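Spelled out, the chains give:
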Amino acid sequence: MHEPQSGLDRRTFLRTTAVTGAALAVGGLSAPSASAAPGGFPDYSYVRTLLTPSQLKYNPTGEIIFPTMRGVYDRLASPLGRYYLYYAPHDAPGGICLAYGDSLEGPFTEYPANPIVSNTWDPHYAVSHVSSPHVLWRDDLKEFWLYFHGENTTTRLARSKDGIHFTYDKVVLSTSMMPSGTTETSYARVFQHDLPAHGAHYVMLFMLNNTTDHRDIGWGWSADGRTWTFDQDPLVRHSDVGAVNVGGPHLLTRNGSAYVVYNKDKESGGDLMITEVGADFSLRKHLGVFYDSRSSAPENGRAAAPSFGTMGGVPYMVYEAGERLSGAIAVAKG
């Protein structure tokens, strides 16, 4: 954690798989800024706050988390804006929400009919809350695939043609698929990433908890994004990086290798960390701090759950800023 220092077109946005692993398309890497994060990634700096709970019409709990940004303007005939920003409250009842805008730097307008997915979806489920939306564009199907949790034991999939109205699909991950004693399998993000040895085209990263109550990063692979196999051992353990808990993982790729960016709990520093896992996920090289959270508002010593993209060739990171369950959604520029 440090004190702050002084001083897109969609096809560019789609190239963020190469720049940031945003799992939209494969392409080239933009040149990093003069100052670079570990792995040669851009050094991001806070720009502004995009969403604050008190300014939202749908605000059941006074908190929002887990942003996902997607460029939509040449995927949809009549989009509400060039970019869709998905987010959610976490505490009950939660609810998957949408905001839209024409720049990654905002402003964003709240969708008037939020939540677009609620904690009751008859006949599929009735849970205390749904949260942590991650939206993947399936270019082969021309669909938006929404992965979200509810309860914290279960990750689900829903599908949409317009990114607003979703059809329920299935449960894709639950604690029953992990070792005995697992208590949470949530906060999942899914990325297009080939693992030939597993016959897989998609990778899932998620937060894993057990009876020790120390959260780690879990992972799995899939040929189709629906049916998954999960490694029974964590990909990144909290103890690997001196944290009580780690979570909010995101996959980045660069120069033929893959990296996982994730957050520490505030008590352990509140920073975003990066671990190189290699193209085949066989490597565990902990590279240190990816983004150093500022002690001033809105971060107040904690940055978490990053989502990445580019606009006009400039890389951006949208993330949680502030203490858990009392923060906002902010954007940083590389």
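Cut-offs used in this document
- Residues numbered from 1 in each chain as written.
- Predicted model: local features only at pLDDT ≥ 70, side-chain atom pairs only at ≥ 80, totals over all residues.
- Heavy atoms only, no water.
- Helix = DSSP H or I, 4+ residues; strand = E, 2+ residues; numbered from the N terminus.
- Buried < 20%, exposed > 50% of the residue type's maximum accessible area, 1.4 Å probe, protein only.
- Lys, Arg positive; Asp, Glu negative; His and termini not counted.
- Salt bridge = Lys/Arg side-chain N within 4 Å of Asp/Glu carboxyl O.
- Polar contact = N/O pair within 3.5 Å; in protein donor to acceptor, adjacent residues only side chain to side chain.
- Pairing = 2+ DSSP bridges.
- Contact = heavy atoms within 4.5 Å.
- Axes fitted to C-alpha atoms, helices over the stretch in contact; angles between N-to-C directions.
- 1 Å grid on protein atoms, 1.4 Å probe; cavity = no way out; pocket = protein on both sides within 12 Å on 5 of 7 lines; lining within 4 Å.
- Points joined across faces, edges and corners; volume = space filled by probe spheres on them.
- Phe/Tyr/Trp six-rings, centres within 6.5 Å; stacked < 30°, edge-to-face > 60°.

Go over the side chain of Arg70, please, and point to the residues and values.
Mapped onto the secondary structure, Arg70 falls in strand E2 (residues 65-71). Although Arg70 lies buried, it forms no salt bridge, and the closest oppositely charged side chain, Asp139, sits 12 Å away as judged by the N-O distance. At a separation of 2.6 Å, a polar atom in the side chain of Arg70 contacts the main-chain carbonyl oxygen of Val135.

Requested: an account of the sheet that holds strand E13 (residues 200-210), with residues and values cited.
Overall, antiparallel pairing links the 4 strands, which are arranged E12-E13-E14-E15 in an open sheet. Only two strands of the sheet have a single partner each, and these edge strands are strand E12 (182-195) and strand E15 (229-230). Where E12 meets E13, 9 bridges bridge the pair, whose relative direction is antiparallel. If you follow Leu195 over to E13, its bridge partner there is Ala200.

So, the pairing of strand E10 (residues 154-160): which residues are in play, and what are the values?
Two faces belong to every sheet, and in a regular strand the side chains alternate between them. In terms of burial, E10 is largely enclosed, as 6 of its 7 residues are buried. When strand E9 (residues 143-149) meets E10, the two strands line up antiparallel, connected through 6 bridges. Bridge pairing in E10 links His149 to Thr155. Here E9 folds back onto E10, and the loop between the two strands holds 4 residues. Relative to strand E11 (residues 167-174), E10 runs antiparallel, the two sharing 6 bridges. From the neighbouring strand, Thr154 faces E11, where its bridge partner is Ser174. Joining the antiparallel neighbours E10 and E11 is a turn of 6 residues, in which Gly163 adopts a positive phi near 80°.

Give me the lowdown on the environment of Thr183, citing residues and values where you can.
Assignment of secondary structure puts Thr183 in strand E12. Separated by 29 residues in the primary sequence, Thr183 and Thr212 place their C-alpha atoms 9.5 Å from one another. Each residue touching Thr183, except ones within four places of it in the same chain, is listed here: Thr153, Thr175, Asn209, Asn210 and Thr211.

Give a detailed account of the pairing of strand E22 (residues 328-333), specifying residues and quantitative values.
For E22, the buried fraction is high: 5 of the 6 residues fall into the buried class. One ladder, built from 5 bridges, connects strand E1 (residues 45-51) with E22; its direction is antiparallel. Bridged to Thr49 within E22 is Ala330. In this structure, strand E21 (residues 314-321) lies alongside E22, joined through 6 bridges in antiparallel fashion. Within E22, the residue paired with Ala321 across the bridge is Ala328.

How would you sum up the pattern of salt bridges? Please name residues and give values.
Applying the stated criterion to the full structure yields 13 salt bridges. In this structure, Glu143 and Arg159 form a salt bridge, with 2.9 Å as the shortest nitrogen-oxygen distance. Of this pair, Glu143 sits in strand E9 while Arg159 is found in strand E10, placing the two residues 16 residues apart along the sequence. Here Arg159 falls in the partly exposed class, since its relative accessible area comes to 23%. Notably, a salt bridge pairs Lys161 with Glu143, separated by 3.5 Å at the nearest N-O pair. Here Lys161 is found in the loop between E10 and E11, whereas its partner Glu143 is found in strand E9, with 18 residues between them in sequence. The network of salt bridges with shared partners includes Glu143, Arg159, Lys161, Asp169 and Arg226.

Describe in detail the sheet that holds strand E19 (residues 285-291), supporting the description with residues and values.
Overall, antiparallel pairing links the 4 strands, which are arranged E16-E17-E18-E19 in an open sheet. Across the chains shown, the open sheet's two edge strands, defined by having one partner strand only, are strand E16 (246-254) and E19. Sheet twist, expressed as the mean angle between neighbouring strand axes with direction ignored, is 25°.

Any details on the side chain of His193? Residues and values, ideally.
By the secondary structure assignment, His193 is in strand E12. What makes His193 buried here is its relative accessible area of 11%. Look past the residues within four positions of His193 in its chain and what remains in contact with it is Ala200, His201, Tyr202, Val203, Leu251, Thr253, Ala258, Ala279 and Phe281.

Can you lay out empty space enclosed by the protein for me, pointing to particular residues and giving the numbers?
In this structure, the largest cavity spans a volume of roughly 30 Å³. As for the largest cavity, its lining consists of Ile64, Ile65, Arg302, Glu320, Ala321, Gly322, Glu323, Leu325, Gly327 and Ala328.

Summarise unusual backbone geometry; cite the residues concerned and give the values.
Of the consecutive residues Gly150 and Glu151, the connecting peptide bond is found in the cis state with omega at -10°. At the junction of Ala297 and Pro298, the peptide bond is cis and its omega measures out at 5° in the coordinates. Within the fold, Pro298 resides in the loop between E19 and strand E20 (303-311). For Asp213, which is not glycine, the phi dihedral falls at a positive 60°. The residue Ala305 is not glycine, and still its phi comes out positive at about 50°. Along the polypeptide, Ala305 turns up in strand E20.

Could you give me a rundown of the packing of aromatic side chains, with the residues and numbers involved?
What the rule picks out here adds up to 18 aromatic pairs. A ring pair is formed by Phe206 and Phe230, whose centres lie 5.7 Å apart and whose planes are at 90°; its orientation type is edge-to-face. Taken together, the residues span a long stretch of sequence, with Phe206 in strand E13 and Phe230 in strand E15 at a distance of 24 residues. The pair Phe206 / Phe230 is uniform in exposure class, with both members buried.

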